[in-house]
Amino acid sequence: MKRAALGYGVNVEVGEVLLSGTNYREKPSSMTQSMKFLITGGAGYIGSHTTLVLLRAGFDVVVLDNLCNASSESLKRVAQMAGRAPIFVEGDIRDRVLLDQLLAQHPVQAVLHFAGLKAVGESVTQPLLYYSNNVEGTVTLCKAMEAAGVFTLVFSSSATVYGDPVTVPITEDQPVGQTINPYGRSKLIAEQVLGDLAASDPRWRVALLRYFNPVGAHETGQIGEDPRGIPNNLLPYIARVAMGKLPELVVFGYDYPTVDGTGVRDYIHVMDLAEGHLAALSALKAKKSRVGVQVWNLGTGQGYSVLQILRAFEAASGRTVPYRLAPRRAGDVAISYANSAKAALELGWTAKRDLSTMMREAWRWQIMNPDGYQTGES
Ligand code: NAD
Ligand code: UFG
């Protein structure tokens, strides 16, 4: 098993100061001192922020990541910020032998499953890669969990499973299944696999967290989103235009039935999202009766158009972001934003950080790390 414990140059005092604004510093009451969690994909964008939140809350964390879309530098920085390192195992979730070894060596109480591929366009040209990573990977992970007697799982799902929503804001009971690309279908199939599994055995406790549009970065600018190549998503694209690395933003569609004709999404700060995972874990652990599968939207409940985002980013960065209007991008829906009342009621979780905070912290990460994690890689 390829394995590296991270523990260099950790400065607890600095970690304390840097994280003074973070919520969920205490362990939820349903969770005990000695709990350890496995985070698949924990070196990636959302996984690294969640690893930080769990370490800061006092839990032990084992990260399994094959680094196909991440750098271990993110975990070095998480260790410095938390004052404590996660155990890092470099490997693939489809490697059953590795999973069995890992779970035997590190008994965990739950798994947070982020590992997967997420580029919509790539999923169209390489569908088998997506079904293998996202579906086969999830099945292999669950087999290993079952064998090891671990039955609590938090799964990274997506608002993409709703397809073109019937109405907005989107509640969890809206129909799913109108997915239009292999990435979306791979998430939907993984959800269905987990639903069947939980129905077959009452020991399973599964949270399907349907994320809306994660953006931003940790307030220190130490960890953030580091896409390889030209970004597909709006925020990293805008940030690169603002840096002068790309000439202009191409706005996909200006004739949608929205406030200014451009597409509307529910942008959520990645730290709010990370904290939502701790709240979901706590809820899964707290329930005395059968849990089965629980679905929660993680969004703010507020939609913003592409041009509203562009203006907010310009205000936060003080830079002008040139753009041009272009035809719609295939597969985009006009409007998507969450009704997140269920998460508020059942998890006691709501997103706290506003749009200007998201933009300011996305920009701070970008200027502090113009080349992402390659900037100052140690
Ligand atoms: P990311 O690419 O930054 O993180 C995914 C991590 O998983 C990466 O570190 C990658 O190296 C790792 N990984 C991929 N395949 C693996 C495998 N087979 N074995 C081990 N490690 C593997 O992406 P992210 O934005 O942090 O997304 C995390 C999860 O959330 C993904 O499952 C994604 O589909 C889901 N999600 C993301 C968004 C979004 O907009 N970012 C929205 C909805 C859902
Ligand atoms: N957009 C542009 N120009 C760009 C990029 C995006 O105008 O260069 C627009 C899109 O048309 C859309 C909005 O910005 O209206 C947001 O687009 P993103 O690509 O950032 O995000 P999506 O809503 O298309 O999809 C994201 C993730 C999916 C996930 C979904 C729901 O990429 O994986 O959110 O969670 F499924």
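Below you will find a few notes about this structure. (Residues numbered from 1 in each chain as written. Chains lettered and ligands numbered in written order. Predicted model: local features only at pLDDT ≥ 70, side-chain atom pairs only at ≥ 80, totals over all residues. Heavy atoms only, no water.)

1. As for the overall build of the chain
Piece 1. Across its full length, the chain holds 12 helices and 15 strands.
Piece 2. The globule rule puts the C-alpha radius of gyration for 378 residues at 21 Å, and the 20 Å found for the chain is close to it.
Piece 3. Counting only C-alpha atoms, the chain reaches 55 × 45 × 40 Å along its principal axes.
Piece 4. Classification of the 378 residues of the chain by burial places 56% in the buried group.
Piece 5. Long-range contacts, defined here as pairs at least 24 residues apart, represent 82% of the contacts in the chain between residues at least 6 apart.
Piece 6. Here the chain displays about 15200 Å² of accessible surface, and carbon together with sulfur accounts for 51% of that area.
Piece 7. Side chains of the chain carry 36 positive and 35 negative charges; the gap between the two charge centres is 3 Å. (Helix = DSSP H or I, 4+ residues; strand = E, 2+ residues; numbered from the N terminus. Rg over C-alpha atoms; globule rule 2.2 N^0.38 Å. Buried < 20%, exposed > 50% of the residue type's maximum accessible area, 1.4 Å probe, protein only. Contact = heavy atoms within 4.5 Å. Areas by Shrake-Rupley, 256 points an atom, 1.4 Å probe, with all protein chains shown as cover. Lys, Arg positive; Asp, Glu negative; His and termini not counted. Charge placed at Lys NZ, Arg CZ, Asp CG, Glu CD.)

2. Points about the environment of Trp349
Piece 1. By the element assignment, Trp349 lies in the loop between helix 11 (341-347) and helix 12 (355-368).
Piece 2. Residue classification places Trp349 among the buried residues on the basis of a relative accessible area of 1%.
Piece 3. Taking the C-alpha atoms as reference points, Trp349 and Gly276, separated by 73 residues in sequence, lie 6.3 Å from one another.

3. Examining the sheet that holds strand 13 (residues 304-305)
Piece 1. Across the sheet, 3 strands lie side by side as 13-10-15; this open sheet has mixed pairing. The sheet is open, and its two borders are formed by strand 13 and strand 15 (335-336), each paired with just one other strand.
Piece 2. Strand direction decides the pairing type here: strand 10 (residues 264-265) and strand 15, joined by 2 bridges, are parallel. Bridged to Arg265 within strand 15 is Ser336. (Pairing = 2+ DSSP bridges.)

4. Regarding the pairing of strand 5 (residues 110-113)
Piece 1. Here strand 5 shows no split at all, with Ala110 and Leu112 on one side and Val111 and His113 on the other all buried.
Piece 2. Summarising the sheet, strand 5 and strand 6 (residues 152-158) pair through 3 bridges and their orientation is parallel. Opposite Leu112, over in strand 6, you have Val154 as the bridge partner.

5. Examining the side chain of Asn297
Piece 1. Relative to the elements of secondary structure, Asn297 occurs in strand 12 (residues 292-298).
Piece 2. Among the polar contacts made by the side chain of Asn297, one reaches the side chain of Tyr162 at a distance of 2.7 Å.
Piece 3. Setting aside chain neighbours within four positions, we find Asn297 in contact with Tyr162, Ile170, Thr171, Glu172, Arg210, Phe212, Ala338, Asn339, Ser340, Ala343 and Trp349. (Polar contact = N/O pair within 3.5 Å; in protein donor to acceptor, adjacent residues only side chain to side chain.)

6. Side note on the packing of aromatic side chains
Piece 1. Considering all chains together, one arrives at 5 aromatic pairs under this definition.
Piece 2. Relative to Trp363, the ring of Phe313 lies with its centre 5.7 Å away and its plane at 85°, an arrangement referred to as edge-to-face. Placement of the pair is Phe313 in helix 10 (residues 306-317) and Trp363 in helix 12, with a sequence separation of 50 residues. Each member of the pair Phe313 and Trp363 is classed as buried. (Phe/Tyr/Trp six-rings, centres within 6.5 Å; stacked < 30°, edge-to-face > 60°.)

7. A short note on the nonpolar core
Piece 1. One finds Phe37, Leu54 and Trp296 to be the most contacted residues of the largest nonpolar core, which totals 50 residues.
Piece 2. Sort the elements by how many residues they give to this core and helix 9 (residues 270-286) lands first, with 10 residues.
Piece 3. Trp296 has contacts with Glu172, Ala207, Leu208, Leu209, Arg210, Ala280, Ala283, Leu284, Lys342, Ala343, Glu346 and Leu347, leaving out every residue within four places of it along the chain.
Piece 4. Of all hydrophobic cores here, the second largest spans 29 residues; its members include Val89, Leu99, Ala115 and Phe151. (Core = buried A, V, L, I, M, F, W, Y, C linked by side-chain atoms within 4.5 Å.)

8. Things to note about a nonpolar patch on the surface
Piece 1. A cluster of nonpolar side chains, contributed by Tyr254, Tyr323 and Leu325, occupies part of the molecular surface with about 290 Å² of accessible area.
Piece 2. Turning to its location among the elements, Leu325 is positioned in strand 14 (residues 323-326).
Piece 3. Its relative accessible area of 43% is what places Leu325 among the partly exposed residues. (Patch = residues over 30% accessible without salt bridge, like charges linked within 9 Å, V, L, I, M, F, W, Y side chains within 5 Å. Salt bridge = Lys/Arg side-chain N within 4 Å of Asp/Glu carboxyl O.)

9. Focus: the packing of helix 4 (residues 96-105) against helix 6 (residues 127-148)
Piece 1. For the pair helix 4 and helix 6, the least separation of the axes is 9 Å and the interaxial angle reads 35°. The element helix 4 and its partner helix 6 pack so that their crossing is right-handed. Every residue of helix 6 that contacts helix 4 at Arg96, Leu99, Asp100 and Leu103 is listed here: Thr140, Leu141, Lys143, Ala144, Met145, Ala147 and Ala148.
Piece 2. Here the contact of helix 4 with helix 6 is built from residues that sort into 7 nonpolar, 1 polar and 3 charged. (Axes fitted to C-alpha atoms, helices over the stretch in contact; angles between N-to-C directions. Left-handed = near helix turned anticlockwise from the far one by under 90°. Nonpolar A, V, L, I, M, F, W, Y, C, P; charged D, E, K, R; others polar.)

10. Brief notes about the site of ligand 1
Piece 1. The local shell around ligand 1 holds 28 residues, among which Asp65, Asn69, Lys118, Asn133 and Tyr183 are the closest.
Piece 2. Here Cys68 contributes a backbone N or O atom positioned 3.1 Å from an oxygen atom of ligand 1.
Piece 3. One of the side-chain N or O atoms of Asn69 is found 2.7 Å from an oxygen atom in ligand 1.
Piece 4. Compared with its free state, where it exposes 820 Å², ligand 1 has 96% of that area covered by protein.
Piece 5. For the shell around ligand 1, the element with the highest residue contribution is strand 6, accounting for 3 residues.
Piece 6. Among the residues forming the shell around ligand 1, the class breakdown is 13 nonpolar, 10 polar and 5 charged. (Near = heavy atom within 4 Å.)

11. Things to note about unusual backbone geometry
Piece 1. Between Val168 and Pro169 the backbone carries a cis peptide bond, its omega angle lying at -5°.
Piece 2. Inspection of the secondary structure puts Pro169 in the loop between strand 6 and helix 7 (182-200).
Piece 3. Even without being a glycine, Leu67 presents a positive backbone phi close to 60°.
Piece 4. Leu67 sits in the buried class, given a relative accessible area of 18%.

12. Overview of the pattern of salt bridges
Piece 1. As enumerated under the stated definition, the model contains 14 salt bridges in all.
Piece 2. In this structure, the salt-bridge partner of Arg94 is Asp92, at a minimum N-O distance of 2.8 Å.
Piece 3. For Arg94, a relative accessible area of 27% corresponds to the partly exposed category.
Piece 4. The network of salt bridges with common partners includes Asp272, Glu275 and Arg353.

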